[in-house]
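Report on the structure
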Amino acid sequence: MTALAAGASRRLRGTDPTTALTVLWLGALVVATWPLVAPAGPLALLPLVAHLCGMLAGYGVLVLLVLIARSPSLERGIGADVLTRWHARCGRAVLALVLVHAVAATAGWAQVRQESLAAGTWEVLGMPLLPSATVGTLLMVAAAVVSIRAARRRLRHERWHGVHLLMYVAIALSFGHMLAGPDLVGHLWLQIAWALAYAHVFALVLRHRVLAPLRQAARHRLRVAEVRPEGPGVVSIHVEGQHVRELEAEPGQFFRWRFLTPDHWLTANPFSLSAAPTATALRLTVKALGDGSRGLQHLPVGTWVIAEGPYGAITAARRSRRDVLLVAGGVGITPMRALFETLPLRPGEDLLLLYRARSADDLLFVDELEAIAAHRGARIGYVLGQGHHRMGAAELLRMCPDLADRDVFMCGSPGLTTAVRRELRAAGLPSERLHEERFSF
């Protein structure tokens, strides 16, 4: 039963989001069926709700871990942004299930014992493994509170991330209660399967979030070779190392970069490649948008770097049409510039880049883009000024009349991409031909 969740990464490998969701919902259906076909007691309402929510919460935790394990096959097949959104929604659902499970179980116990809710709660908290599960629940609540958008904006990323890591402690504290719960106790094969599912998923997290980055760091020995200003508050960081081709990075992808200085070693920031990788070097471009990215503007040359990845599904492999339109906004030009340089372009095919910025001073890589366009026979359109109407459906069709017959790759700020996404649909572009990863800069 829970082996379905434990093998989620294998089943989702290379699949589209619809297939992945189908697999995950099927697993939830199987887990939710167990308390009905093998009830641990009379099917009274409160106990039944407690059992259903408890089983689904345990399964949901497995899914949460799979979604943030950073398995390259998942992130390339589905997209890191999609996995992140699923993780956030699943996290809210798991917390709700845990709280409903706790309330229903406590109220059901008090009802059976014909005691007050306060007396029933005191007895439940004194049961074996319940104190640690209660502490685990409180840690989950704390992680959820700091993840609320309003609260997260007030916290530095490092502090938010540190509190969020308490979820691992919360899961560990609650695990004994899961195995000893009435739905699993007495079913040795099920307890073993549940334990193996958690062991497998934790191994997945350990492999891709800890061991793989450390192995890559030792193998590739990446260091900052140059920090080059590109514009106001924008720098390109050139990173050199050994055996870089073995990373198999593709234009359009990103790494989670950890710069080993006293101020930055605790944080892994996602930045796209802004140029095609070479045998010895990678390039990322950073705009000063917060404390973390602002501090990267003056990295010392020679700084050691750990690069986790590559991640991301917005590569040339997504292309399905003869002609391609690239849409970039602001610092979102970084992955589009790499694609503009490398997307296969045969005679008669058209590659058009629309670059949106407030003014000419905000444009990045102008000389590079012009040189690439001249060399490849590609085209560039600069869209400058204020107002979303400059990227409205009518304007898009004026600049690219055959837009509906192209693949469109897009990257920019959330406000820009939301507006342009709507206008692209109004211009007749099928949703399956829009390729993007939605991250804030």
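The structure under discussion appears in the preceding block.
Below: a short report on this structure. Predicted, not measured: the structure shown is a model, and the values here were computed from it.

A few words now on the overall build of the protein. Tallying secondary structure elements over the protein gives 17 helices and 11 strands in all. Overall size of the protein, expressed as C-alpha extent along the three principal axes, is 80 × 50 × 35 Å. Here the protein holds 441 residues, and 47% of them are scored as buried. Expressed as a percentage of contacts within the protein between residues at least 6 apart in sequence, the contacts between residues at least 24 apart total 72%. As presented, the protein carries roughly 21,000 Å² of accessible surface, and 62% of it is formed by carbon and sulfur atoms.

Looking now at the side chain of E349. With respect to the helices and strands, the residue E349 is situated in the loop between α14 (333-342) and β8 (351-357). Polar side-chain contacts of E349 include one of 3.1 Å to the side chain of R319. Apart from the residues within four sequence positions on either side, E349 is in contact with R319, R322, D323 and P344.

Let us look at helix α6 (residues 80-113). With 34 residues, α6 extends 49 Å between its outermost C-alpha atoms, agreeing within 8% with the 50 Å of an ideal straight helix rising 1.5 Å per residue. Phi turns positive, to about 55 degrees, at Q114, one or two residues after α6.

In this section: the pairing of strand β6 (residues 304-311). In terms of burial, β6 is largely enclosed, as 7 of its 8 residues are buried. Alignment of strand β1 (residues 222-231) against β6, held across 2 bridges, turns out to be antiparallel. For L222, the partnering residue across the bridge sits in β6 and is V305. Where strand β3 (residues 254-259) and β6 come together, 5 bridges link them in antiparallel fashion. Across the sheet, residue R256 finds its bridge partner in β6, namely E308.

Membership of the largest hydrophobic core comes to 42 residues, with the highest contact counts inside it found for L65, I78, W86 and Y198. At the level of secondary structure, the elements contributing two or more residues to this core comprise α3 (17-37), α4 (45-67), α6, α8 (130-147), α11 (166-180) and α12 (188-220). A per-element tally of this core places α4 first, with 10 residues. Not counting the four nearest positions on each side in its chain, W86 is found in contact with P17, A20, L21, L67 and I78. In this structure, L326, A328, L351 and Y355 belong to the second largest nonpolar core, which totals 23 residues.

This paragraph deals with the environment of L384. Looking at the element boundaries, L384 is found in strand β9 (residues 379-384). Given the relative accessible area of 30%, L384 is considered partly exposed. Placed 164 residues apart in sequence, L384 and H220 show a C-alpha to C-alpha distance of 40 Å. Those residues in contact with L384, other than ones at most four positions away along the chain, are R356, A357, R358, S359, A360, L363 and R390.

With parallel pairing, the 5 strands of this open sheet are ordered in space as β9-β8-β7-β10-β11. At either margin of the open sheet sits one strand with a lone partner, and together these are β9 and β11 (434-436). Across the sheet, the mean angle from the axis of one strand to that of its neighbour is 20 degrees, orientation sign disregarded. Running at roughly 145 degrees to β9, helix α15 (residues 366-376) makes contact with β8 and β9 of the sheet.

Right, let's get into the pattern of salt bridges. Opposite charge on two side chains lets them pair, provided their charged atoms get close. Inspection of the entire model under this criterion finds 17 salt bridges. For R322, the salt bridge identified is with D323, shortest N-O distance 3.2 Å. One salt bridge connects R406 with D350, and the closest N-O pair in it is separated by 2.4 Å. Here D350 lies in the loop between α14 and β8 and R406 lies in the loop between α16 (393-399) and β10 (407-411), a separation of 56 residues in the sequence. Exposure class is identical for R406 and D350. Each is buried. Within the structure, one salt-bridge network assembled from shared partners comprises R283, R337, E341 and E368.

Here the focus is the packing of α8 against α11. Between two packed helices, both the angle of their axes relative to each other and the distance between the axes serve to describe the pair. Taken N-terminus to C-terminus, the directions of α8 and α11 make an angle of 155 degrees; their axes are 8 Å apart at the nearest point. When the axes of α8 and α11 are compared, the pair comes out roughly antiparallel. You can see that α8 and α11 cross each other, and the crossing is left-handed. Taking contact as the criterion, the partners of L130, S132, A133, V135, G136, L139, M140 and A143 in α8 are, on α11, L166, M167, V169, A170, L173, S174 and H177. Here the residues of the contact of α8 with α11 sort into 11 nonpolar, 4 polar and no charged.

Conventions and cut-offs
- Residues numbered from 1 in each chain as written.
- Predicted model: local features only at pLDDT ≥ 70, side-chain atom pairs only at ≥ 80, totals over all residues.
- Heavy atoms only, no water.
- Helix = DSSP H or I, 4+ residues; strand = E, 2+ residues; numbered from the N terminus.
- Buried < 20%, exposed > 50% of the residue type's maximum accessible area, 1.4 Å probe, protein only.
- Contact = heavy atoms within 4.5 Å.
- Areas by Shrake-Rupley, 256 points an atom, 1.4 Å probe, with all protein chains shown as cover.
- Polar contact = N/O pair within 3.5 Å; in protein donor to acceptor, adjacent residues only side chain to side chain.
- Expected span 1.5 Å × (residues − 1).
- Pairing = 2+ DSSP bridges.
- Core = buried A, V, L, I, M, F, W, Y, C linked by side-chain atoms within 4.5 Å.
- Axes fitted to C-alpha atoms, helices over the stretch in contact; angles between N-to-C directions.
- Salt bridge = Lys/Arg side-chain N within 4 Å of Asp/Glu carboxyl O.
- Parallel < 35°, antiparallel > 145°, perpendicular 65-115°, else oblique.
- Left-handed = near helix turned anticlockwise from the far one by under 90°.
- Nonpolar A, V, L, I, M, F, W, Y, C, P; charged D, E, K, R; others polar.

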